[in-house]
Amino acid sequence: MKKEIMFKLLSLGEVKDTFLKRFKRYQVTNQVLFVDDNQFKLKSDHFIDDWDDNKKAQVICDLRTCIMEGGKVIGAFEGEELAGFANLEGCLFGSKMEYIELPYIHISSELRGYGIGKKLFEKCCEEAKRLGAAKLYIAAHPSVESQGFYKAVGCREAVEINEKIWSREPLDIQLEKIL
């Protein structure tokens, strides 16, 4: 069944306290990738990501800060309901000032598998180019499923590692997408 999804660049006023009220960030992870001796390896690691109201409030705060600092937030909507969202920070970095960070890209769990994430990622790439970036930088969740998504949209290991981003989540896989 095909979903009718509208993508929209969001203003600060549209990222309300209730922005994520019905959004379901739920993911069961059983296997993760990690780097050992410069090679990706697989290991069992069972955990569940399930955002509570406190986590949602923190994400909303992050998104608002992003917009206030010149970044972009893109929403994917099925009618009036938030199906997914992503954001791009507002500043370039790296030795050639060519990277821009994609901190969040999430699809509500009940709407995964419809191609919404890939389309949202494409919208992020378009917007990143408008912001002057040549590459997206993603600190990506190490789950096999998340890594599969990033590989499917053309990401690879980051050539340059942003130490500040890496230090926030050292188990994440640092990736890039050439735009």
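Before going into details, it helps to say that this report is about the structure given with it.

Reading the values: the criteria
- Residues numbered from 1 in each chain as written.
- Predicted model: local features only at pLDDT ≥ 70, side-chain atom pairs only at ≥ 80, totals over all residues.
- Heavy atoms only, no water.
- Pairing = 2+ DSSP bridges.
- Helix = DSSP H or I, 4+ residues; strand = E, 2+ residues; numbered from the N terminus.
- Contact = heavy atoms within 4.5 Å.
- Axes fitted to C-alpha atoms, helices over the stretch in contact; angles between N-to-C directions.
- Buried < 20%, exposed > 50% of the residue type's maximum accessible area, 1.4 Å probe, protein only.
- Arc of directions from axis to C-beta.
- Salt bridge = Lys/Arg side-chain N within 4 Å of Asp/Glu carboxyl O.
- Polar contact = N/O pair within 3.5 Å; in protein donor to acceptor, adjacent residues only side chain to side chain.
- Parallel < 35°, antiparallel > 145°, perpendicular 65-115°, else oblique.
- Left-handed = near helix turned anticlockwise from the far one by under 90°.
- Nonpolar A, V, L, I, M, F, W, Y, C, P; charged D, E, K, R; others polar.

Quick look at the sheet that holds strand β8 (residues 135–140)
Next, step 1: Taken in spatial order, the four strands of this open sheet run β6-β8-β10-β9, and their pairing is mixed. Across the chains shown, the open sheet's two edge strands, defined by having one partner strand only, are β6 (99–101) and β9 (156–157).
Next, step 2: Here two bridges tie β9 to strand β10 (residues 173–178), and the two strands are oriented antiparallel to one another. Across the sheet, Glu157 pairs through a bridge with Leu175, a residue of β10.
Next, step 3: On the sheet, helix α2 (residues 116–130) packs against β6, β8 and β10 and is oriented at approximately 135° with respect to β8.

Considering helix α3 (residues 144–152)
Next, step 1: Of the positions making up α3, those classed as buried are Ser146, Gln147 and Tyr150. In an axial view of α3, the angular spread of the buried residues amounts to 95°, which keeps them on one side of the axis. When the buried face of α3 is taken as reference, the exposed residues oriented beyond 90 degrees from it are Lys151 and Ala152.
Next, step 2: Considering only its buried residues, α3 is in contact with β2 (26–36), β7 (104–107), α2, β8 and β10.
Next, step 3: Positive phi appears at Gly154, one or two residues downstream of α3, with a value of about 95°.

Let's talk about unusual backbone geometry
Next, step 1: Its identity is not glycine, yet Asp37 carries a phi of approximately 50°, on the positive side.
Next, step 2: Position of Asp37 relative to the elements: it lies in the loop between β2 and β3 (39–50).
Next, step 3: Under the relative-accessibility criterion, Asp37 is labelled exposed at 66%.
Next, step 4: Within the chain, Asn38 stands out as a residue other than glycine whose phi angle is a positive 60°.

A word on the pattern of salt bridges
Next, step 1: Summed over the entire model, instances satisfying the criterion amount to 11 salt bridges.
Next, step 2: Between Lys119 and Glu122 there is a salt bridge, with its nearest N and O atoms 3.7 Å apart. In this pair, Lys119 and Glu122 are both assigned in helix α2, three residues apart and thus about one turn of the helix distant.
Next, step 3: Given a relative accessible area of 34%, Lys119 falls into the partly exposed group.

Regarding the environment of Lys177
Next, step 1: Topologically, Lys177 is positioned in strand β10.
Next, step 2: A sequence separation of 42 residues divides Lys177 from Lys135, and the C-alpha atoms of the two residues are 5.4 Å apart.
Next, step 3: Excluding residues within four positions of it along the chain, Lys177 makes contact with Phe121, Cys125, Ala134, Lys135, Leu136, Val153, Gly154 and Cys155.
Next, step 4: Of note is the side chain of Lys177, whose polar atom sits 3.1 Å from the backbone oxygen of Val153.

What to know about the packing of α2 against α3
For any two helices packed against each other, the geometry is given by the interaxial angle and the distance between the axes.
Next, step 1: It is at 11 Å that the axes of α2 and α3 come closest, and there the two elements cross at 55°. When the interaxial angle is binned, α2 and α3 end up oblique. Where α2 crosses over α3, the handedness of that crossing is right-handed. From α2, Gly117, Lys118 and Phe121 reach across to α3, where they touch Phe149, Tyr150 and Ala152.
Next, step 2: Here the contact of α2 with α3 is composed, by residue class, of four nonpolar, one polar and one charged.

Thoughts on the side chain of Gln147
Next, step 1: Turning to its location among the elements, Gln147 is positioned in helix α3.
Next, step 2: Among the polar contacts listed, one links the side chain of Gln147 to the backbone oxygen of His141, at a separation of 2.7 Å.
Next, step 3: Not counting residues up to four positions away in its chain, the partners in contact with Gln147 are Leu33, Ala140, His141, Pro142, Ile173 and Leu175.

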